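# Summary of the model geometry
If you want the building blocks of each chain, they are given just below.
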Amino acid sequence: MNRVAAFDDDFIVEEERPYAPRSGLSVDGIMQSVRNFATLSEALRILGAAVILASMSVFLLQGWNEGNDISRYLLLLAQTGLLATAGFAMSHGLKEAKGARIFFGLALVSIPANFTILGALLYSVFQWDGGLTTTYPGYASWQIENIASTGLTLGGAMVVLLPVTLFCFAIMARHSARSLTVHFLLLNALLLLPIRSSMAAGTIALLGILYALYAVGRMTAQDRSLKTGEGKFALVTMFIPLGIILFRSMYFYKVDSLMVAMVSLALFLSARQVSLFPDRNARLAAVLEMLSLPFAMIAAIALTDALAPSLINGLDVALFSVVYTALALDVLRRTGSRHLRKAIGVSIALAVSVSFTFSVANDPTALTALLALAAGVMLMLWGVSGRRAVASIGGTLTAIAGGIFGFEALLQLVLASSWIDLAIFGAGAIALGSVVDRHGVVIKLRLDKWFNSAGEQKEMIALET
């Protein structure tokens, strides 16, 4: 035992050193090289896609000087066919799926460009709004020689665009390829309508967005594969032709308040749909909900400005308050953030209170006074029922302002009214009070249940993601 102990102090074990191969190759080095080449390949794909998109944009703005507009358009149509052919060659020839999907995606993006040029060619022959008096820049002018060429060009384009669309969607989302093709072509057909006025274009775009949102929601519920990256890209392409309609009208034609209202409402609806996707990112949904408030405010202001000349003085404020309150309450109902709910409640209270107070102070008529009183009472009740201090105070101040500034006008209205009118008004007030007394609690409970169910659905979605 002593001998063994004597060796303990002198016995030193050398630490094992990791084995280093003599060659210059290692597993870590190979993996790092693979990652570097993967990053390089992705960068090259993105660069190539950007260059092709730039070439299509340059074509739409400049085109080729040689030949007429039909021959110029056929070059764009050929480019769409070549993109689909390149994707097919990459997929079946080189067995390279990522590059193939990029080519198919570019082919899908180029289809709305084809419909845009077809719409310009048709508009040079058929117009519903007399818009040919508008002077276009040289690069935006597309004309067709005769009516016979119109049918031939349109028919030839459909022979190429229909199969390309179906094939590309079959690659992106095989199970929903037919539905995606039908909806996509119907939305692109809106680009062919020979009308360019601001009101018509905005209305068409808004209706198209509502249809696209309905179609996207329905297809997403039926096909879970649409929640993949390729499926989401296929769904996003539905909105490209509608964006072109809005951009075309705003860039080449007069932009009025109604167009601004349509665009803002379209952005609001689009943000709403994306924020409600079952597999959406929670932070992205919160950002979209916050952006929805400025969209709602701009839509309310622009719509009020557009319709104000045809409204009775005083109703413009009511229109603004109703539009903004309705859109803001929609965000309030579906958001899961308590801070955003408080901010929305404050914004509604300030919008209603300030607008009606300034209206009755600036123009103290009987109508503005009555509207201020009604808005103040409703805002105060909403604040009290939901324990919203700002809304309660704002509603009280609005009602007081309506009574003070409109007192003389209201007094003259009473004195000028007949006893029958006053009796009808009094009876109506009594009946309304009875309805509120009998069914007010039930209405409040149903509203609370509605808001609570929306909050529970929001929490369930957040837990699932």
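Residues numbered from 1 in each chain as written. Predicted model: local features only at pLDDT ≥ 70, side-chain atom pairs only at ≥ 80, totals over all residues. Heavy atoms only, no water.

Overall, the coordinates contain one cavity of 30 Å³ or more when judged by the stated rule. A volume near 60 Å³ is recorded for the largest cavity. Broken down by secondary-structure element, the contributors of at least two residues to the lining of the largest cavity are helix H7 (198-222) and helix H9 (240-252). The leading source of residues in the lining of the largest cavity is H9, at three residues. For the lining of the largest cavity, the per-class residue count stands at six nonpolar, one polar and two charged. (1 Å grid on protein atoms, 1.4 Å probe; cavity = no way out; pocket = protein on both sides within 12 Å on 5 of 7 lines; lining within 4 Å. Points joined across faces, edges and corners; volume = space filled by probe spheres on them. Helix = DSSP H or I, 4+ residues; strand = E, 2+ residues; numbered from the N terminus. Nonpolar A, V, L, I, M, F, W, Y, C, P; charged D, E, K, R; others polar.)

With the rule as written, the count across this model stands at three aromatic pairs. Measuring from centroid to centroid gives 6.4 Å for Phe-320 and Tyr-324, while their planes differ by 10°, and the two rings are stacked. Of this pair, Phe-320 and Tyr-324 both sit in helix H12 (residues 315-334), four residues apart, which is roughly one turn of that helix. Take Tyr-324: its relative accessible area is 3%, and that puts it in the buried class. Over the ring of Trp-382 we find Arg-388, and its NZ or CZ is 4.2 Å from the ring centre. (Phe/Tyr/Trp six-rings, centres within 6.5 Å; stacked < 30°, edge-to-face > 60°. Buried < 20%, exposed > 50% of the residue type's maximum accessible area, 1.4 Å probe, protein only. Lys NZ or Arg CZ within 6 Å of the ring centre and 35° of its normal.)

For the coordinates displayed, the defined rule picks out four salt bridges. Where Asp-330 meets Arg-333, a salt bridge forms, and the shortest distance between an N and an O atom there is 3.6 Å. Of this pair, Asp-330 and Arg-333 are both found in helix H12, three residues apart, which corresponds to roughly one turn of the helix. A salt bridge links Asp-330 to Arg-334; the nearest nitrogen and oxygen atoms lie 2.9 Å apart. Here Arg-334 and Asp-330 lie together in helix H12, a separation of four residues that amounts to about one turn. In the salt-bridge network here, residues are joined through shared partners; they are Arg-272, Asp-330, Arg-333 and Arg-334. (Salt bridge = Lys/Arg side-chain N within 4 Å of Asp/Glu carboxyl O.)

To continue, consider the confidence of the model for the chain. Residues with a pLDDT of 70 or more make up 65% of the chain, whose mean pLDDT is 75. Averaged pLDDT values over the elements of the chain bottom out at 45 in helix H1 (residues 2-8) and peak at 92 in helix H6 (residues 177-189). Here residues 63-67 scores under 50 on pLDDT; set against residues more than four positions off or in separate chains, the count is seven contacts. Contacts for the low-pLDDT stretch residues 461-465, under 50 throughout, to residues beyond four places or in other chains number six contacts. (pLDDT = per-residue confidence, 0-100. Contact = heavy atoms within 4.5 Å.)

In the contact formed by helix H13 (residues 338-362) and helix H14 (residues 366-385), the axes pass within 9 Å of each other and the chain directions differ by 160°. As judged from the angle between their axes, H13 and H14 are roughly antiparallel. In this structure, the crossing between H13 and H14 has a hand that is left-handed. Across from Gly-345, Ile-348, Ala-349, Val-352, Ser-353, Phe-356, Ser-359 and Val-360 in H13, the residues of H14 making contact are Thr-368, Ala-369, Leu-371, Ala-372, Ala-375, Leu-379 and Trp-382. Here the residues of the contact of H13 with H14 sort into 11 nonpolar, four polar and no charged. (Axes fitted to C-alpha atoms, helices over the stretch in contact; angles between N-to-C directions. Parallel < 35°, antiparallel > 145°, perpendicular 65-115°, else oblique. Left-handed = near helix turned anticlockwise from the far one by under 90°.)

Core analysis: the biggest nonpolar cluster contains 86 residues, and Tyr-73, Phe-169, Leu-180, Met-238, Tyr-324 and Ile-344 have the highest contact counts within it. Leave out the neighbours within four places in its chain, and Leu-180 touches Phe-169, Ala-173, Met-219, Leu-226, Ala-234, Leu-235 and Met-238. (Core = buried A, V, L, I, M, F, W, Y, C linked by side-chain atoms within 4.5 Å.)

To continue, consider a nonpolar patch on the surface. On the surface, a cluster of nonpolar side chains totalling about 430 Å² of accessible area is made up of Val-346, Leu-350, Val-354, Phe-358 and Val-390. Here the element with the most residues in the nonpolar patch is H13; it accounts for four residues. (Patch = residues over 30% accessible without salt bridge, like charges linked within 9 Å, V, L, I, M, F, W, Y side chains within 5 Å. Areas by Shrake-Rupley, 256 points an atom, 1.4 Å probe, with all protein chains shown as cover.)

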